[in-house]
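Residue-level listing of the chains:
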Amino acid sequence: RSPTIRDMVIRCLTQMVNMQAGNIRSGWKNIFAVFYQSASDTNGNLVELTFQTVNHIVTNVFQHHFPAAIDSFQDAVKCLSEFACNSAFPDTSMEAIRLIRYCAKYVSDKPQALREYTSDDMNVAPADRVWVRGWFPILFELSCIINRCKLDVRTRGLTVMFEIMKSYGHTFENQWWHDLFRIVFRIFDNMKLPEQQIEKSEWMTTTCNHALYAICDVFTQFYEALNGVLLSDIFTQLHWCVKQDNEQLARSGTNCLENLVILNGEKFSPEVWDQTCSCMLDIFRTTIPSVLLTWRPSGIEDDASEKRYDLDIDRQSVSSQDRNPSERAHSQLSNTTEENWRGKTSE
């Protein structure tokens, strides 16, 4: 618990990394485990010292010793995610997200190293190792940042997540896309939205809204690969957005559906057009204010009560007609008096 001892531990590990990085193998996991603990600290000096070392590892050590560090690559990304989620140091959070973006470059540039790496706990086909060891940890941790952080940090995390998809999506397999969008759709998960109404409204207006347009951009960019895998899920998500009480998100849902059809409609097969029209019809059915067409005043249960209600209305009309002569006379008297007064004033 002593800040002095924690500081000394970090300095020892930093010295070890600087002097012996080329000789470290399985030890990287332990190093990142310690750095992960430090990343959530409230001591500014300790967090800064730790982050400088992690920055050095990601930008320099991985550059020269990536094959030796593959086993701990997930731990490195998780450590960066923890820095990003430390709300006490927003500048460090933004830098951590930038480094996660930098990690994506390693996965893109060195896929063969990920395919060739073997481990006792790695029962994954070589073709999927790039996903399991590389892309999935990066995109999953970015989704954790989005779900845990305040608006500015989560917005940056969301932007970087979709930047990675747009930049490297051409290398993704179909099953990878399916797993990826299971992560992305967590952004809209009602069970995970904040309980407070104000925060929930802000979440929908900002993060959900941003994600919706970004999803449609990615879908349009990789339509050939995604239409058979994700189209029905995207339509379901658009429908969900349109049904929300948040008007901006509902409008964005219809705008995104319109953009999706305009930009990709020429490539739609008859089956896809059927799905699209069904989605539009469902949206019409669920958003028409049908309650207004069937509304009845409270307290009216059946036809008999409705007739009694009509009878009361009639009686009120009759009694008002009975009162009308005297009321009309009073009204005429008032009008005459008022005209006389106006005439005298004008004279």
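Since we're looking at a predicted model, the values are computed, not measured.

1. Regarding the confidence of the model for the protein chain
Of all residues in the protein chain, 82% have pLDDT values of 70 or greater, and the mean over the chain is 84. Ignoring residues within four places in sequence, the model shows residues 323-334, a span with pLDDT below 50, making zero contacts including any to other chains. In this model residues 336-342 is a low-confidence stretch, pLDDT under 50, and it forms zero contacts with partners more than four residues away in sequence or in other chains.

2. Details of the packing of helix 5 (residues 90-109) against helix 7 (residues 126-148)
For the pair helix 5 and helix 7, interaxial distance at closest approach is 10 Å and the crossing angle is 165°. Taken together, the axes of helix 5 and helix 7 lie roughly antiparallel to each other. In the crossing of helix 5 with helix 7, the sense of the turn from one axis to the other is left-handed. In this structure, helix 5 contributes I97, I100, C103, A104, V107 and S108 to the contact, and helix 7 contributes V130, G134, W135, I138, L142 and I145.

3. Examining empty space enclosed by the protein
One pass over the structure, following the stated rule, counts one cavity of 30 Å³ or more. Approximately 40 Å³ is the volume attributed to the largest cavity. Around the largest cavity, the lining residues are F185, L212, I215, C216, I234, Q237 and L238. Put simply, the parts of the chain that give the lining of the largest cavity at least two residues each are helix 10 (197-221) and helix 11 (223-242). Tallied by class, residues from the lining of the largest cavity come to six nonpolar, one polar and no charged.

4. What about the pattern of salt bridges?
Scanning the entire structure with this criterion turns up twelve salt bridges. With a shortest N-O distance of 2.8 Å, E247 and R251 are connected by a salt bridge. Remark: R251 and E247 occur in helix 12 (residues 247-264); sequence separation between them is four residues, near one turn of the helix. With relative accessibility at 51%, the residue E247 sits in the exposed group.

5. With respect to helix 5
A rise of 1.5 Å per residue sets the reference length of helix 5, with its 20 residues, at 28 Å; its end C-alpha atoms lie 30 Å apart and thus fit the reference within 8%. Taken together, the buried positions of helix 5 are T92, S93, A96, I97, L99, I100, C103, A104, Y106 and V107. The buried residues of helix 5 occupy one face: seen down the axis, they fall within an arc of 165°. Packed against the buried residues of helix 5 are helix 3 (44-69), helix 4 (73-84), helix 6 (111-116), helix 7 and helix 8 (151-168).

6. Observations regarding the nonpolar core
Grouped together as the largest cluster of nonpolar side chains are 99 residues, with contacts concentrated most on W28, W135, I138, W177 and F188. When residues in this core are grouped by element, the largest group, eleven residues, is from helix 3. Among all residues touching I138, those that are not within four sequence positions of it are F73, V77, I100, C103, A104, V107 and I164.

7. Points about the packing of aromatic side chains
With the rule as written, the count across this model stands at 24 aromatic pairs. Ring centres 6.0 Å apart and planes at 25° place the aromatic pair Y223 and F268 in the stacked group. With Y223 in helix 11 and F268 in the loop between helix 12 and helix 13 (270-287), this pair connects stretches of sequence that are 45 residues apart. One aromatic cluster is present, formed by W131, W135, F136, F140, Y168, F172, W176, W177, F181, F185 and F222 through successive ring pairs. Taking NZ or CZ as reference, K78 lies 5.2 Å from the ring centre of Y36, over its face.

8. Here's the deal with the state of the cysteines
If you walk through the whole model with that rule in mind, you get zero disulfides. Counting only cysteine sulfurs, C216 is the nearest neighbor of C256, a cysteine outside any disulfide, at a range of 3.9 Å. Among the residues examined, C256 registers a relative accessible area of 1% and is labelled buried. C279 supplies the cysteine sulfur nearest to C277, a cysteine that is in no disulfide, at a spacing of 9.8 Å.

9. Side note on the packing of helix 11 against helix 13
Closest axis-to-axis distance for the helix 11/helix 13 pair is 10 Å, and the angle between their directions is 5°. The orientation of helix 11 with respect to helix 13, classified from their angle, is roughly parallel. Between helix 11 and helix 13, the residues in contact are Y223, L231, S232, F235, H239 and V242 and V272, Q275, T276, C279, D282, I283, T286 and T287, respectively. Here the contact of helix 11 with helix 13 is composed, by residue class, of seven nonpolar, six polar and one charged.

The rules we used
- Residues numbered from 1 in each chain as written.
- Predicted model: local features only at pLDDT ≥ 70, side-chain atom pairs only at ≥ 80, totals over all residues.
- Heavy atoms only, no water.
- pLDDT = per-residue confidence, 0-100.
- Contact = heavy atoms within 4.5 Å.
- Axes fitted to C-alpha atoms, helices over the stretch in contact; angles between N-to-C directions.
- Helix = DSSP H or I, 4+ residues; strand = E, 2+ residues; numbered from the N terminus.
- Parallel < 35°, antiparallel > 145°, perpendicular 65-115°, else oblique.
- Left-handed = near helix turned anticlockwise from the far one by under 90°.
- 1 Å grid on protein atoms, 1.4 Å probe; cavity = no way out; pocket = protein on both sides within 12 Å on 5 of 7 lines; lining within 4 Å.
- Points joined across faces, edges and corners; volume = space filled by probe spheres on them.
- Nonpolar A, V, L, I, M, F, W, Y, C, P; charged D, E, K, R; others polar.
- Salt bridge = Lys/Arg side-chain N within 4 Å of Asp/Glu carboxyl O.
- Buried < 20%, exposed > 50% of the residue type's maximum accessible area, 1.4 Å probe, protein only.
- Expected span 1.5 Å × (residues − 1).
- Arc of directions from axis to C-beta.
- Core = buried A, V, L, I, M, F, W, Y, C linked by side-chain atoms within 4.5 Å.
- Phe/Tyr/Trp six-rings, centres within 6.5 Å; stacked < 30°, edge-to-face > 60°.
- Lys NZ or Arg CZ within 6 Å of the ring centre and 35° of its normal.
- Disulfide = S-S within 2.5 Å.

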